[in-house]
Amino acid sequence: AVTWAVFILFGPFSCYGGTFKKHFNTLMAVLFLLTVFMLFIAMFKQTGTASFTPLFQSYTSPVAQVLSMCMLAPWMFFGFEAVTHACNDFNFPSRKLFPIVIFAVLSGGLIYILLAAMSIMAIPAEFSSWTEYIAKRPGLEGLAGLPVFHSVYSVFGVKGLAVLCLSIASAIITSLLGLYRTTGFLLQYMGSHKVLPVWFSHVATDETPRNAIFFVMLISLLIPFLGRVSIVWLCDVITVVGSGAYGYASLCAYKTACAEGLGLAKKLAVFG
């Protein structure tokens, strides 16, 4: 019921929010970034980095642990390319997007890193190291089973939890607004090129693809019936498909760079 309420609230808001929706989304994104920074700096002053040792878990190799994190990268950064789906709506040169996207990716990566660090900066007293804590975390209940929540609550109490919840709320809001915008424009684009029925291509006077967004909302209402395991499925699928999509985009960039004789672009494409 709560999930449905959230979907139904943000679906129409994405359709009829107008310019307020854009400013609100920007505000939530900045709030998300600032609250994570603020919590990490405050916690760092209280706890330091003593809990960061050992640097790796002992029961698998360090290389495997690093690679397991790299394999998550497509899932963690899927969606940053969403801004390019609406290039036709911009009233400024598209090249100005590059520094914005770079800043967004770096900010997102930093948020992931800081949250991961915060999760082990104040572990439960019964554990001697973070490796033992993380290994036994699946069997723990309450806040102890939620490392970031436990760390923040241990250091700052209820007030710290309130700031963390505000941060999470802002993250969810930006994610939902971004989801509706991205999928809406993708379906609208496919409809306008007759890959999907023309009904999807219809847009409002402010260029919002309302038909596509409402379709996404209705489809999304079915997902909660699959349970929480569906989240794992989506993460797995996005990780695999995202790798293919990014690889394909890099290949296209490489071929374009070769055709136009752009040396730097060719190197960046190979790196991608």
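Let me begin by describing the structure that accompanies this report. Because the structure is predicted, anything quoted here is derived from the model rather than measured.

## Observations regarding the packing of helix 1 (residues 2–16) against helix 7 (residues 147–192)
- Direction vectors running N to C along helix 1 and helix 7 enclose 55°, while the axes themselves pass 10 Å from each other. The orientation of helix 1 relative to helix 7 falls into the category oblique. For the pair helix 1 and helix 7, the crossing hand works out as right-handed. In this structure, helix 1 uses Val6, Phe7, Phe10, Gly11, Phe13 and Ser14 to contact helix 7, whose residues at the interface are Ile173, Leu176, Leu177 and Tyr180.
- Tallied by class, residues from the contact of helix 1 with helix 7 come to eight nonpolar, two polar and no charged.

## Some details on a nonpolar patch on the surface
- Judged by side-chain polarity, Ile223, Leu226, Val229, Val232, Trp233 and Leu234 come together as a nonpolar surface patch covering roughly 540 Å² of accessible area.
- Inspection of the secondary structure puts Trp233 in helix 9 (residues 229–260).
- Taking the relative accessible area as the measure of exposure, Trp233 reaches 47% and is therefore partly exposed.

## Points about the packing of helix 2 (residues 18–47) against helix 7
- Closest axis-to-axis distance for the helix 2/helix 7 pair is 8 Å, and the angle between their directions is 155°. Between helix 2 and helix 7, the angle falls in the class roughly antiparallel. Classified by chirality, the crossing of helix 7 by helix 2 is left-handed.
- A breakdown of the residues in the contact of helix 2 with helix 7 according to their chemical character gives 19 nonpolar, nine polar and one charged.

## As for helix 7
- End to end, helix 7 covers just 46 Å across 46 residues, shorter than the expected 68 Å (1.5 Å per residue, more than 12% under).
- Residue Phe156 marks the point of greatest curvature in helix 7, where the axis turns by about 135°.
- Looking one or two residues beyond helix 7, the residue adopting positive phi is Lys194, at roughly 60°.

## Topic: the pattern of salt bridges
- Evaluation of the coordinates by the stated rule reveals one salt bridge.
- Two residues, Lys136 and Glu132, come together in a salt bridge whose shortest N-O distance is 3.5 Å. Of this pair, Lys136 and Glu132 are both found in helix 6 (residues 130–136), four residues apart, which corresponds to roughly one turn of the helix.
- Note on Lys136: relative accessible area 47%, which makes it partly exposed.

## Quick word on unusual backbone geometry
- The omega torsion of the bond from Thr53 to Pro54 falls at 0°, within 30 degrees of zero and hence cis.
- Relative to the assigned elements, Pro54 resides in the loop between helix 2 and helix 3 (62–70).
- For Lys194, which is not a glycine, the phi torsion comes out positive at approximately 60°.
- The topology assignment puts Lys194 in the loop between helix 7 and helix 8 (210–220).
- Non-glycine residue Glu207 carries a positive phi angle of around 70°.

## Regarding the packing of aromatic side chains
- For the coordinates displayed, the defined rule picks out ten aromatic pairs.
- Aromatic side chains Phe127 and Tyr133 sit 5.4 Å apart centroid to centroid with 40° between the ring planes, which places their arrangement in the tilted category. The pair formed by Phe127 and Tyr133 is uniform in burial state, with each residue classed as buried.
- With a centroid separation of 5.2 Å and 85° between ring planes, the pair formed by Trp199 and Phe200 is classed as edge-to-face.
- Assessed through its relative accessible area of 8%, Phe200 is described here as buried.
- An aromatic cluster of at least three residues, connected via ring pairs, comprises Phe10, Phe13, Phe20 and Phe24.

## Some details on helix 8
- Buried within helix 8 we find Asn211, Ala212, Ile213, Val216, Met217 and Ser220.
- At its buried positions, helix 8 is contacted by helix 1 and helix 7.

## Some thoughts on the side chain of Thr239
- For Thr239, the position within the fold is in helix 9.
- A residue is classified by how much of its surface remains accessible, and Thr239, at 16% relative accessible area, is buried.
- Those residues in contact with Thr239, other than ones at most four positions away along the chain, are Met71, Pro74 and Trp75.

Criteria and cut-off values
Residues numbered from 1 in each chain as written. Predicted model: local features only at pLDDT ≥ 70, side-chain atom pairs only at ≥ 80, totals over all residues. Heavy atoms only, no water. Axes fitted to C-alpha atoms, helices over the stretch in contact; angles between N-to-C directions. Helix = DSSP H or I, 4+ residues; strand = E, 2+ residues; numbered from the N terminus. Parallel < 35°, antiparallel > 145°, perpendicular 65-115°, else oblique. Left-handed = near helix turned anticlockwise from the far one by under 90°. Contact = heavy atoms within 4.5 Å. Nonpolar A, V, L, I, M, F, W, Y, C, P; charged D, E, K, R; others polar. Patch = residues over 30% accessible without salt bridge, like charges linked within 9 Å, V, L, I, M, F, W, Y side chains within 5 Å. Areas by Shrake-Rupley, 256 points an atom, 1.4 Å probe, with all protein chains shown as cover. Salt bridge = Lys/Arg side-chain N within 4 Å of Asp/Glu carboxyl O. Buried < 20%, exposed > 50% of the residue type's maximum accessible area, 1.4 Å probe, protein only. Expected span 1.5 Å × (residues − 1). Bend = angle between axes of the 7 residues up to and from the residue. Phe/Tyr/Trp six-rings, centres within 6.5 Å; stacked < 30°, edge-to-face > 60°.

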